[in-house]
Amino acid sequence: MKKLLIAVVCMLSVSSFAQDLKFGHINTQDLISVMPEFQSAQKELEDTRLMYVTEMQKLETEFQSKYTALSQEAEKLDPAIRASRQAEVEKMYENMQNFQQTAQDNLQKKQMELMIPITEKVKKIVAQVGEEMKLIYIFDMQEGTPILYHSAQSVDVLPAVKKKLGL
């Protein structure tokens with residue numbers, strides 16, 4: 001009887017403890033997409049991308065011009081001059097390829113550089129909201145995360161985070 005009484009007391013305390021557990025969820029992509037910092041970062045990234053596109057177009061135009069001239073004159077040129085011009089056109093093509101790769105790498109670095117402070121700010125504010133709301137966990141509900149289910153008891157902290165960010 002004594003063991004049964006202890007088991008009942010333990011079960012009651014565990015069930016009351018389990019009811020105090022609070023979980024939250026947020027879709028950080030929904031939050032980040034409305035942040036002014038994100039809008040500014042997107043504009044800066046697009047401006048940088050356009051700069052690279054413009055430069056690439058200049059390189060392509062110059063390459064096409066040299067290539068067309070070489071194609072039209074190739075048969076009339078001395079073999080040594082033709083070889084020199086072919087080498088020049090090949091070098092231009094190689095430089096274009098290198099520029100394109102460098103531009104792509106730089107854009108990826110720039111995107112990371114611009115997004116890190118934004119995601120850090122989101123993490124910090126979400127942690128503050130979690131502490132204020134006395135939540136045990138806050139799960140990110142963005143697509144691609146391994147959350148298979150969330151109940152109605154899970155608290156959506158997006159409104160509280162937006163409020164804290166002044167959005």
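Everything here concerns the structure above.
Model, not experiment: these values are computed from the prediction. By convention here, each chain's residues receive numbers from 1 onward along its written sequence. Local features in this predicted model are restricted to residues whose pLDDT is 70 or higher, and side-chain atom pairs enter the listing and the counts only when it is 80 or higher, whereas totals over whole chains, interfaces and linings include all residues. Values reported for side chains reflect all heavy atoms of the structure, with hydrogen atoms and water molecules removed beforehand.

Caption draft 1: Fine view of the sheet that holds strand E2 (residues 137-140). One open sheet accounts for 3 strands, arranged E2-E1-E3; its pairing is parallel. The sheet is open, and its two borders are formed by E2 and strand E3 (155-156), each paired with just one other strand. For two strands to pair, DSSP has to find at least two bridges joining them. Numbering of helices and strands runs from the N terminus, with a helix taken as a DSSP run of H or I at least four residues long and a strand as a DSSP run of E at least two residues long. Of the pairings in the sheet, the one linking strand E1 (residues 23-26) to E2 comprises 4 bridges and is parallel in character. Across the sheet, the residue bridging to phenylalanine 23 is tyrosine 137, located in E2.

Caption draft 2: Broad picture of the pattern of salt bridges. One speaks of a salt bridge when a side-chain nitrogen belonging to Lys or Arg is within 4 Å of a carboxyl oxygen belonging to Asp or Glu. Tallying each qualifying case throughout the model produces 9 salt bridges. Two residues, arginine 49 and glutamate 46, come together in a salt bridge whose shortest N-O distance is 2.7 Å. One end of the pair, arginine 49, and the other, glutamate 46, are both in helix H3 (residues 36-73), 3 residues apart, so they sit about a helical turn from each other. Put simply, glutamate 120 and lysine 123 hold a salt bridge, and the shortest N to O gap is 3.9 Å.

Caption draft 3: A look at helix H4 (residues 79-132). Here a helix's expected span is defined as the number of its residues, less one, multiplied by 1.5 Å. For H4, with 54 residues, the first-to-last C-alpha span of 79 Å sits near the 80 Å given by 1.5 Å per residue. What the bend at a residue measures is the angle between two axes, fitted to the seven residues ending there and to the seven starting there. The largest bend in H4 amounts to roughly 30° and is located at methionine 115, with the proline proline 117 lying one to four residues further along. Just past H4, the residue lysine 134 takes up positive phi, approximately 55°.

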